[in-house]
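Coordinates in review
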Amino acid sequence: MGAIPGFKAAWHRHNASGYAFILPALLVILCLVAYPFVMAIYLSLTDAWVGSEGNFIGFQNYSDLVQNDIFQQTLKNSLLFTFFSVTAKTVLGMALALLLNAKIRFQRIFRGAILLPWVIPDTMSTLGWLWMFDPTFSVLNWVLTHAGLIQTNVSWLSNPYWAMFSIITVNVWRGLPFFAITLLAGLVSVPQELYKAAHIDGAGAMRCFFRITLPLLKPLLLIVILFSTISTISDFNIVYILTRGGPMNMTHLLATLSFQMGLSGGRLGLGAAVSLFMFPVLCIVVYFQLKTIRGGATYD
């Protein structure tokens, strides 16, 4: 019986030391994540302006946004931008991962080179794309013209539809290495014995992909899609540098509209409401994706 109090004391000592180790990280999370998030929620429920705390108005900001034509267009832009960008990154990332996993010459060089879009700072790489999309000096127009594909220069950033296509292209180029390298790590971990057994049974490459590769990569793929969805729908740098939401608000995303209303326009409460509008939807998406991952964690 005397050993039990000693065990309890040791248990409490270990707990205390564990809490002491995680305390610095917990403080950083509270100061840099939790506090700004709570403040954003509070501001979204007020009519605060720059230099003024404002008054509590409940969900009036959200009600005003729902009736705002620019916000409705921005919400549509954000959903389309996220859907097409994440879909393209998923398909191309998987294809690139399969290519990098194949036995080809200079494989290590290609694996290192694919990280370049990810390593280059956002601002610098987007400025490079801004030059490539320039209506007068566009290298894309020069290549397409000399290839005989177009007769006149394309207004990449001043045409509403080409502008959306342009920011999606840059986002896909920027996020493709994350998909490719992460999925490549998953491909490397797949046991080769499964492929050998499938080939003995007469299965081809496509059958092996859909029956072995894709099911085993499903949990990892869902996590990558989840992270990419969150980062894509909140993208700011690419749109702000290339189009600043134009032309005619056709490329505004939630982040850029929040910046325009909250900081440029001075309406902090309304800007905070814009940035938090999709939060409940993202929570629902995260819940169902994590539920799917847990449900598919085991395989027959």
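This next bit is on the overall build of the chain. Along its length, the chain carries 14 helices and zero strands. For the chain, the α and β elements follow one another from N to C terminus as α-α-α-α-α-α-α-α-α-α-α-α-α-α. Taking 19 Å as the expected radius of gyration for a compact globule of 300 residues, we find that the chain reaches 25 Å, considerably beyond that expectation. Taken over the C-alpha atoms alone, the chain extends approximately 80 × 65 × 30 Å along its principal axes. With 300 residues in all, the chain has 35% of them scored as buried. Contacts in the chain between residues at least 24 apart in sequence constitute 68% of all its contacts with a sequence separation of at least 6. Counting every atom, the chain has about 18400 Å² of accessible surface; 71% of that belongs to carbon and sulfur. Of the charged side chains in the chain, 17 are positive and 10 negative, and the gap between their average positions amounts to 15 Å.

Take the packing of aromatic side chains next. Summed over all chains, the structure comprises 17 aromatic pairs. Summarising the aromatic geometry, the rings of Phe 37 and Phe 279 are spaced 5.1 Å apart at their centres and angled 55° between planes, so their arrangement reads as tilted. Taken together, the residues Phe 37 in helix H1 (residues 3-44) and Phe 279 in helix H14 (residues 279-295) connect sequence positions 242 residues apart. Residue Phe 37 is classed as partly exposed on the basis of its relative accessible area of 31%. Judged by centre distance (5.9 Å) and plane angle (45°), the rings of Phe 133 and Trp 156 are tilted. Within this pair, whereas Phe 133 is found in the loop between helix H6 (122-132) and helix H7 (139-146), its partner Trp 156 is found in the loop between H7 and helix H8 (160-188), the two being separated by 23 residues in sequence.

Before going further, it helps to spend a moment on a nonpolar patch on the surface. There is a patch of nonpolar side chains on the surface, built from Leu 99, Ile 104, Phe 106, Ile 109 and Phe 110 and spanning about 490 Å² of accessible area. On the basis of relative accessibility, which here comes to 41%, the residue Phe 110 falls in the partly exposed class.

What counts and how
- Residues numbered from 1 in each chain as written.
- Predicted model: local features only at pLDDT ≥ 70, side-chain atom pairs only at ≥ 80, totals over all residues.
- Heavy atoms only, no water.
- Helix = DSSP H or I, 4+ residues; strand = E, 2+ residues; numbered from the N terminus.
- Rg over C-alpha atoms; globule rule 2.2 N^0.38 Å.
- Buried < 20%, exposed > 50% of the residue type's maximum accessible area, 1.4 Å probe, protein only.
- Contact = heavy atoms within 4.5 Å.
- Areas by Shrake-Rupley, 256 points an atom, 1.4 Å probe, with all protein chains shown as cover.
- Lys, Arg positive; Asp, Glu negative; His and termini not counted.
- Charge placed at Lys NZ, Arg CZ, Asp CG, Glu CD.
- Phe/Tyr/Trp six-rings, centres within 6.5 Å; stacked < 30°, edge-to-face > 60°.
- Patch = residues over 30% accessible without salt bridge, like charges linked within 9 Å, V, L, I, M, F, W, Y side chains within 5 Å.
- Salt bridge = Lys/Arg side-chain N within 4 Å of Asp/Glu carboxyl O.

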